[in-house]
Amino acid sequence: MKRKVNIYLLSGIIICGFLILLILYSSIAVQTTMNEMQVNNRFAKPSMTNLLGTDNFGRDILVRIIAGLWRTLFVAVFTVLLGAMIGFSLGAIAGWYGKGVDVVIMKLIEIITAFPWLLLALIIIAVIGISDLNIIVVLTIVFIPSFTRISRSCLLKHKNLEYVSGARMAGASTLRIIFVHIFPNISTELLAAITIGFANAILSEATLSFLGLGIQPPDPSLGRMLYEAQSYLFKAPWMAIMPGLTIIMLVLAFNNISYGIMQWLNEQHESKEIF
Amino acid sequence: MKNKFLLSVSGLNITLEKGSKTLTIVRDLSFSIRQGDILGLIGESGSGKSLTALSIMGLLPNKNFRVTGDIVFNGVNLNQLNKKNRRKYLGNEISMIFQEPMTSLNPLVQVGKQISEPLKIHQSLNDKQAYSSVIKAMGLAELPNPEAIYNYYPHQLSGGLRQRVMIAMALVCTPKLLIADEPTTALDVVVQKEILTSIKKISKELNISVLFISHDLRVIKSICNDIAVLYAGSLMEYGKCTHVFSKPQNEYTKALLLSIPKPEQKGKLLDAIPGIVPPTGHIFSGCPFSPRCKQVKDICKYKMPDFHSENENHFYACHKEEESGERKNT
Amino acid sequence: MKYIFTKLLMSVGVLIVISILVFATFQILPGDPVNVILGTNSTPERVEQLTKQLSLDKPLYERYLLLIQGIFRGDLGVSIKYQMPVSQILSSRLPVTITLAVMSLIFIVSISYLMGLIAGKNYDNIVGKCIVGICNFFTAVPSYFLCILMIIIFSLILKVFQTGSFIAYSDSPLGYFTYFILPAFSIAIPNSAMLIKFLSGSIYDQSKQEYIRTARSKGASEMRVLIHHNVKNALIPAVTMLGMIIADILCGSIVVEQIFNIPGIGRLLITSIGARDFPMLQILSMFIAAVVVIINFTVDIIFKLIDPRVRIE
């Protein structure tokens, strides 16, 4: 039987790879020129000199998009990293120990999720103030519940499986069982959660920046660029379209990777066809 | 009237397109049922018996199945009807009960309403108008306390009761033909016997024909008048139960009958049929049973045997008496 | 019954904890509200007067109890920025956001159930795959970008809409509702995309179940099988998504109100943060969180009521 190519996974990785290469290639040059204003070149249409045009300050949009991408990915990586570390651990503890511990942790999660994520983010920002690093803190807190839930449900499923009893009988400590035995077995689910988390982190960061609560001007950020573009929609629509498309592309890429991973998971579980 | 055939299947071929290959599930199958008779269709897993039943109903799971041949019910060739016209028969003159009562009922709808659904569809009655017919059908299916059970949901009933609900559902429009696809396989032995007795009783009292599908010879022996033996999609033997069981002619039938454990055999080796059943859809050039047949001849391997008749109620496919053979199909 | 009571108790518990948390956050951590209000006008007497007025001299738990008492009485405090009772501002802004949210919800439900049905029935063929593919795309589009795109397309290219400013209900009911169409739509689309994917998968899964075959064997038409049997079973897991969707609509409206200058709760939230209007923020946060908790509770109860397998024990 021919092996079907997992098109989602492939397309996602290709797009991601392309964007990351783009960033790495031009990151240094971009850092210096990203805020450079060319006052006589404002609102330039996309052309050979300015591939994606310029904005209201004459800044090259392509350069700013790349710089913005860099920052967005930076925030997303740290958010997901921290969020997953804390979330997966919390979920594992809740799932493993059950009873009181589980109830307490899940109540905590329930309270965090009682707030629509944006409201929660806004409250935390209102308290700790706006800064580039604070976004990571805010988003991490917002994302912890979803990671916790996934890790907890996986753990509940696996803790009664035989290989865990086997490890217990061999004298393994709880920590060892969870991280050395169980986690590798649920790695696919966790990976799917991380990639979806990435996609959502990018969207969330863009939303916060759009509201002016994320990365501060004049530093570029995809969401911020969209906000600034609002006033000039009729004069220079490319100011809005390019950053927007970039966000879409980025999120699509990670969504596809995640979907590809989940399909791969399903294929592993699929039984032979009987009719 | 009694000798007229209610259902006449001739030359039924079921094929399945799988990728680039075409698998033959059922090959040139023919049988008939008279009004009031119970025909048992016996075969092992993968022999095509369930699919035969589904093809009579027109309920094959997906479009890759192709059904050719004649399925004549009461003078009408069902296989040539369009979907809409065929649907008029389903649940109405022909109804079916399935193997898994657990999953065959809608978990969200009360069983009474599910039983009245055929009446809604075919006679445009609403629940209220259909109520008395539903209770009557539940009584026929020997459900205890029908008025109470009407409001129950499937998950509140045991397997046996759920199967009786299915039977009531199948009887509510007073069908002429009931197709039972291994209705007792998923039930325990005691309940099995009760359901079989019910089916036999219903068939007799209401003069309903039954096409009973099973892999269990003893079950078929207990309630069927006629029997058709299916192996790997081909009809091996066909005739009245009494004849076939007392004088089996086809080698597969013989081996099948021998393989039923009897009390006298206690302590001795069971007479199993050597070899394994070929995979579904496997292409044969000759008789499908030839690899496992004790009496196999060369001709068996490349030529499909014709039908011979033992008497007017008993036919079999075998090469063993080649000189005296007239192809006799009903 | 017992289940409902327990759930109610737990929800109330969550509400109480939320109120304490929000209160604590806004009372303890940030700066001194008195200085913020008085600014350059502060004199020691004015400071003392305002402190007394805002009950800031009392201990924390007393302030909390005063707040809760006030809520039940209808007195939600005074906004620092607007110098008006919070309840007054809320009551003028709330209907606007509710209109937006309800319109979004109507769009979401109607688009999703229609397309979800079509996609679910056609899951195997090109129609279904196209629909799901389009939905995959739209889940990656932020609602505010959709707003911008639609403004560009409709105003610039097609010259249909004229994006003006917000029209109050009192001026023109028709204009009022028409103004909400674009915003509601842009909130609706990403959420619909998600719901369509979910629903179509659910319908497809159900269509493979055996009771569907039983229904067909009774002579039911494809339409009847779909609506009476398939969809009913597929809807139940979809109900659980409603809670999440409503929370998402609230988030979406916060952003969208900014873009379209809609004087609703969302915009109020943003401006209050900028103005450090803590009394307002406090009440707003508690209110929005309370709405989400109540809706989740309701959805949970409905879910338990609909599914007889759970209801009858």
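Starting afresh in each chain, residues are numbered from 1 along the sequence in its written order. Chains carry letters and ligands carry numbers; both start at the beginning, A for chains and 1 for ligands, and go up in the order they are written. Totals for whole chains, interfaces and linings use every residue, but because this is a predicted model, local features are given only for residues with pLDDT of at least 70 and side-chain atom pairs only at 80 or more, for both listing and counting. Derived side-chain values reflect all non-hydrogen atoms in the structure, with water molecules and hydrogen atoms excluded from consideration.

Helix numbers and strand numbers start at the N terminus; a helix is a DSSP run of H or I with at least 4 residues, a strand a run of E with at least 2. Scanning chain A for helices and strands turns up 10 helices and zero strands. Put simply, chain A runs from its N terminus to its C terminus through helices and strands in the order α-α-α-α-α-α-α-α-α-α. Counting across all 275 residues of chain A, residues that qualify as buried make up 52%. Throughout, a residue-residue contact means that at least one pair of heavy atoms, one from each residue, lies within 4.5 Å. Within chain A, residue pairs in contact and separated by at least 24 positions form 72% of the contacts whose partners lie at least 6 positions apart. Residue exposure ignores everything except the shown protein chains as possible cover, and the areas themselves are Shrake-Rupley values with a 1.4 Å probe. Taken as a whole, chain A presents about 13500 Å² of accessible surface, with 67% of it coming from carbon and sulfur. Accessibility here uses a 1.4 Å probe with only protein chains present; expressed as a share of the type maximum, an area under 20% marks a residue as buried, one over 50% as exposed, and anything in between as partly exposed.

If you tally the helices and strands in chain B, you get 11 helices and 12 strands. Dimensions of chain B, computed from C-alpha atoms along their principal axes, come out at roughly 65 × 50 × 45 Å. A separation of at least 24 residues holds for 63% of the contacts in chain B among residues at least 6 apart in sequence. Surface accessibility of chain B: about 15100 Å² in total, with carbon and sulfur atoms responsible for 52%. Taken as two groups, the 41 positive and 30 negative side-chain charges of chain B have centres that lie 4 Å from each other. Within this scheme the basic residues Lys and Arg register as positive and the acidic residues Asp and Glu register as negative, but His and the chain ends are omitted. Each charge is placed at NZ for Lys, CZ for Arg, CG for Asp and CD for Glu.

Another point: the domain arrangement of chain B. All names here are of chain B. By convention here, the domain bounds are inherited from an automatic or database domain assignment. Here chain B is described as being made up of domain 1 (5-93 + 175-324) and domain 2 (101-174). Taken over C-alpha atoms, the centre of domain 1 sits 29 Å from the centre of domain 2. Between domain 1 and domain 2, the contact holds 20 residues from the first and 15 residues from the second. Summed over both partners, the accessible surface that disappears when two parts come together, traced with a 1.4 Å probe, is what is meant by buried area. Between domain 1 and domain 2, the buried area comes to about 1400 Å², and carbon and sulfur atoms account for 64% of it. When the area that domain 1 buries against domain 2 is broken down by residue, the three leading residues are Pro175, Ile195 and Ile202, summing to 30%.

What follows is about the pairing of strand β4 (residues 65-73) of chain B. The side chains of a regular strand alternate between both faces of the sheet. Residues and elements named next belong to chain B. At least two DSSP bridges between two strands are required for those strands to pair. Relative to β4, strand β1 (residues 5-18) runs antiparallel, the two being bridged by eight bridges. The residue of β4 that forms the bridge with Leu7 is Phe73. Relative to strand β5 (residues 76-77), β4 is paired through two bridges, and the arrangement is antiparallel. Bridging across to β5, Phe73 finds its partner in Val76. Counted along the chain from β4 to the antiparallel partner β5, the turn is two residues long, and its residue Asn74 has a positive phi close to 55 degrees.

It is worth spelling out the interface of chain A and chain C at this point. If you look at the interface, chain A gives 34 residues, while chain C gives 40 residues. Between chain A and chain C, the buried area comes to about 3300 Å², and carbon and sulfur atoms account for 83% of it. For this document, the term salt bridge refers to a Lys or Arg side-chain nitrogen within 4 Å of an Asp or Glu carboxyl oxygen. The interface formed by chain A and chain C contains zero salt bridges. In protein, a polar contact requires one atom able to donate a hydrogen and another able to accept it; more generally it is a pair of N or O atoms within 3.5 Å, and residues adjacent in sequence count only if both atoms are side-chain atoms. Linking chain A with chain C are one residue pair in polar contact (both at pLDDT 80 or more). Those elements that provide at least two residues to the side of chain A that touches chain C are α3 (99-114), α4 (117-128), α8 (187-210) and α10 (238-269) of chain A. A per-element tally of the side of chain A that touches chain C places α10 of chain A first, with nine residues. Basically, the charged four are Asp, Glu, Lys and Arg, the nonpolar ten are Ala, Val, Leu, Ile, Met, Phe, Trp, Tyr, Cys and Pro, and anything else, Gly included, counts as polar. Broken down by class, the residue content of the side of chain A that touches chain C amounts to 27 nonpolar, five polar and two charged.

The subject of this paragraph is the interface of chain C and chain B. Frequently, the measure chosen for interface size is the accessible area that the parts lose on association. On the chain B side, the residues contacting the 22 residues of chain C number 27 residues. Looking only at chain C, the three residues that lose the most surface to chain B are Arg213, Ser217 and Lys218 of chain C, adding up to 29% of its buried area. Where chain C packs against chain B, one counts two salt bridges. Salt-bridge contacts for Arg224 of chain C lead to Glu117 of chain B; the nearest nitrogen and oxygen are separated by 2.7 Å. Within the residue set of the side of chain C that touches chain B, elements represented by two or more residues are α9 (210-217), α10 (222-260) and α13 (308-311) of chain C. It is α10 of chain C that contributes the most residues to the side of chain C that touches chain B, seven residues altogether.

Time to look at the confidence of the model for chain A. All names here are of chain A. A residue's pLDDT is the confidence the predictor assigns to it, expressed on a 0 to 100 scale. Overall, the prediction assigns chain A a mean pLDDT of 81, with 85% of residues at 70 or greater. Averaged pLDDT values over the elements of chain A bottom out at 69 in helix α1 (residues 7-33) and peak at 90 in helix α5 (residues 132-158). Residue range residues 271-275 is modelled with pLDDT below 50. Its contacts to residues more than four positions away, or to other chains, number seven contacts.

On to the nonpolar core, then. If you look at soluble globular proteins, the nonpolar side chains tend to sit buried side by side. Among the nonpolar cores identified, the biggest contains 139 residues, and Phe254 of chain A together with Ile18 and Phe260 of chain C are the most heavily contacted of them. Among the elements that take part in this core, α10 of chain A stands out by supplying 12 residues, more than any other. Contact partners of Phe260 of chain C, with chain neighbours within four places excluded, come to Cys147, Ile151, Tyr179, Leu182 and Pro183 of chain C. By size, the runner-up hydrophobic cluster in this structure holds 101 residues, among which are Leu16, Leu78, Ile208 and Leu235 of chain B. Residues belong to one nonpolar core when they are buried, are Ala, Val, Leu, Ile, Met, Phe, Trp, Tyr or Cys, and are joined through side-chain atoms within 4.5 Å.

Let's shift gears to unusual backbone geometry. Of note in this structure, Lys99 of chain A is not a glycine but carries a positive phi near 45 degrees. Locating Lys99 of chain A in the fold gives a position in helix α3. Judged by its relative accessible area of 73%, Lys99 of chain A is exposed. The backbone of Glu182 of chain B sits at a positive phi, close to 45 degrees, despite the residue not being glycine.

This part covers the packing of aromatic side chains. Two aromatic rings from Phe, Tyr or Trp, using only the six-membered ring of Trp, form a pair when their centres are within 6.5 Å; if the ring planes differ by under 30 degrees the pair is stacked, by over 60 it is edge-to-face, and anything between is tilted. With the rule as written, the count across this model stands at 18 aromatic pairs over all chains. Residues Tyr252 of chain B and Phe289 of chain B carry aromatic rings whose centres are separated by 5.1 Å and whose planes lie at 65 degrees to one another, so their mutual orientation is edge-to-face. In this pair, Tyr252 of chain B is assigned in helix α10 (residues 251-258) and Phe289 of chain B in the loop between α10 and α11 (298-302), connecting sequence segments 37 residues apart. Accessibility classification places Tyr252 of chain B together with Phe289 of chain B in one group, the buried group. Ring plane angle 85 degrees and centroid distance 5.4 Å describe the contact between Phe107 of chain C and Phe185 of chain C, whose orientation is recorded as edge-to-face. Separated by 78 residues along the polypeptide, Phe107 of chain C in helix α5 (residues 86-121) and Phe185 of chain C in helix α8 (residues 173-207) bring together distant segments of the chain. Ring pairs connect the aromatic residues Phe88, Phe147, Phe179 and Phe183 of chain A, which therefore count as one cluster.

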